[in-house]
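# Examining the three-dimensional arrangement
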Amino acid sequence: MNISALELLVREQEGMEFSGRKEIAELQLRKLNRLLKREKERGSFYGGLPEGLSSLSELSRLPFTTERDLREQGNRMVLLSQSEIDRVRTEETSGTTGRAKRVYYSAADNERTVSFFAAGLSELVGPGERAMICMPFSGPGGLGELIAEAICRLGARPIPAGIGKSYGELLEVLEKEQPETFVGMPVPLLSLLRLRPKTPLRRALVSADACPGTVKREIEKRLGSRLYPHYGSREAGLGGAVTCPAFFGMHLRENDIIAEIVDEKGRVLPEGEWGELVITTIQAEAMPLIRYRTGDRTRLLSGKCPCGSALVRLDVVTRLEEGGLPMHELDNLAFRIPELIDYRAELVNGALCLEGCVSRPGGRFPEELGGYPVRWKLREVSMEDAPCYLAKRSVSFV
Ligand SMILES: [Zn+2]
């Protein structure tokens, strides 16, 4: 098996001959200490932290950065002047909980992300091919734009489909452009493949949402190839970790990000144990974060990957959610029904009301999912019907 493109990129970026665990740890410590020194000189939000650590294990003594810190004191975490900022990404608040969360990037930060995307995508996109991007496009430095740039660098053509389109419109794009690759969220991809089983798509990189086992298997069966899950977040600079051709977890770009897994009390867990992912963005120029609690649940896979890379791998990532029936679990159960294209769910008085779109009615639909009794409301979907309704997949608990 060829070594992963991400491993080769990390070696090239850092001028390393070989990246074993020892070399990676030394590199991370060096970058972390450089960052702590910058913070101290700047007197920023992190200015009170020690100026340097003697080993990476001392990182666990530093305080966490929470989402609330980011919302309320994010401007104190910015290390560049406004003129050096290339892009600000704002997440609107959904309610009355105060300020929006803003993350800032420099041109160098975005360049780093594009190189990472290009390495990850090079495993599945070849020169002369077309790749459909179902991610948000929001102007220069936007997520969709950075992915498109990465695809161009591979000599392939990006098809910017964006988000918020109906499945009917997406099917038209597929028909017209005939892309071999899909980049976007897993469930909409499965819905597309179930709506139109005959597809030009051969491969896919999925991101921005948890990809439950059922959804993954169904997509792989229909594409006839393995799926490439990716993990990213605004805080991680949009790109974070990506699957290699060994399909054994997602390699983290460890020359840019240090990952820790902690339990509810914030204690660092050993490799292999599930907990909350905490990241330190040691390479970020505009707005580095130290020990940011992501609210995402995963574990680190230890040992060398069959692809030959020693870069640590993340297992499946889901949101840390309390109680109820998390969306990814519901997806995992609901999409076992082969006729199901898409659904909306509501939990009313202890029963799940599922409004589903199906390829044909009359199949066997379970009376219970995840321990909840289910009331189905189904309607058959024709191609003319596909717009609008299907794009509204969501769950609400009342
Ligand atoms: Zn690998």
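Details of the structure are given in the entry above.
First things first, this report covers the structure right here in the doc. In this text, all values refer to a predicted model and were calculated from it rather than measured experimentally. (Residues numbered from 1 in each chain as written. Predicted model: local features only at pLDDT ≥ 70, side-chain atom pairs only at ≥ 80, totals over all residues. Heavy atoms only, no water.)

The zinc ion binds to the protein through Cys-244 (SG), His-251 (NE2), Cys-305 (SG) and Cys-307 (SG); the donor distances cover 2.1 to 2.4 Å. In this structure, the zinc ion is surrounded by four donor atoms whose angles at the metal cover 107 to 112°, and the resulting shape is tetrahedral. A relative accessible area of 4% means that Cys-305 is categorised as buried. Cys-307 sits in the buried class, given a relative accessible area of 3%. (Donors = N, O, S within 2.8 Å, 3.2 Å for Na, K, Ca; no water. Tetrahedral: all angles 85-135°; square planar, octahedral: opposite > 155°, others 65-115°. Buried < 20%, exposed > 50% of the residue type's maximum accessible area, 1.4 Å probe, protein only.)

What follows covers the nonpolar core. In this structure, Phe-117, Leu-121, Ile-147 and Leu-314 are the most contacted members of the largest nonpolar core, which totals 70 residues. Among all residues touching Leu-314, those that are not within four sequence positions of it are Tyr-231, Ala-241, Gly-249, Met-250, Leu-277, Thr-298, Arg-299, Leu-300 and Leu-301. Leu-170, Leu-201, Leu-223 and Leu-325 belong to the second largest nonpolar core, which has 44 residues in total. (Core = buried A, V, L, I, M, F, W, Y, C linked by side-chain atoms within 4.5 Å. Contact = heavy atoms within 4.5 Å.)

Taken together, the buried positions of helix 5 (residues 143-153) are Leu-143, Gly-144, Leu-146, Ile-147, Ala-148, Ala-150 and Ile-151. Count one or two residues on from helix 5 and you reach Gly-155, which has phi positive near 80°. (Helix = DSSP H or I, 4+ residues; strand = E, 2+ residues; numbered from the N terminus.)

Another point: the state of the cysteines. Enumeration over the complete set of coordinates arrives at zero disulfides. Here Cys-211 stays free of any disulfide, with the sulfur of Cys-134 as its closest cysteine sulfur at 15 Å. You can call Cys-211 buried: its relative accessible area is 14%. (Disulfide = S-S within 2.5 Å.)

With respect to the helices and strands, Leu-195 occurs in helix 7 (residues 186-195). Accessibility expressed as a relative area gives 8% for Leu-195, which makes it buried. In sequence terms Leu-195 and Arg-102 are 93 residues apart; their C-alpha atoms lie 37 Å from each other.

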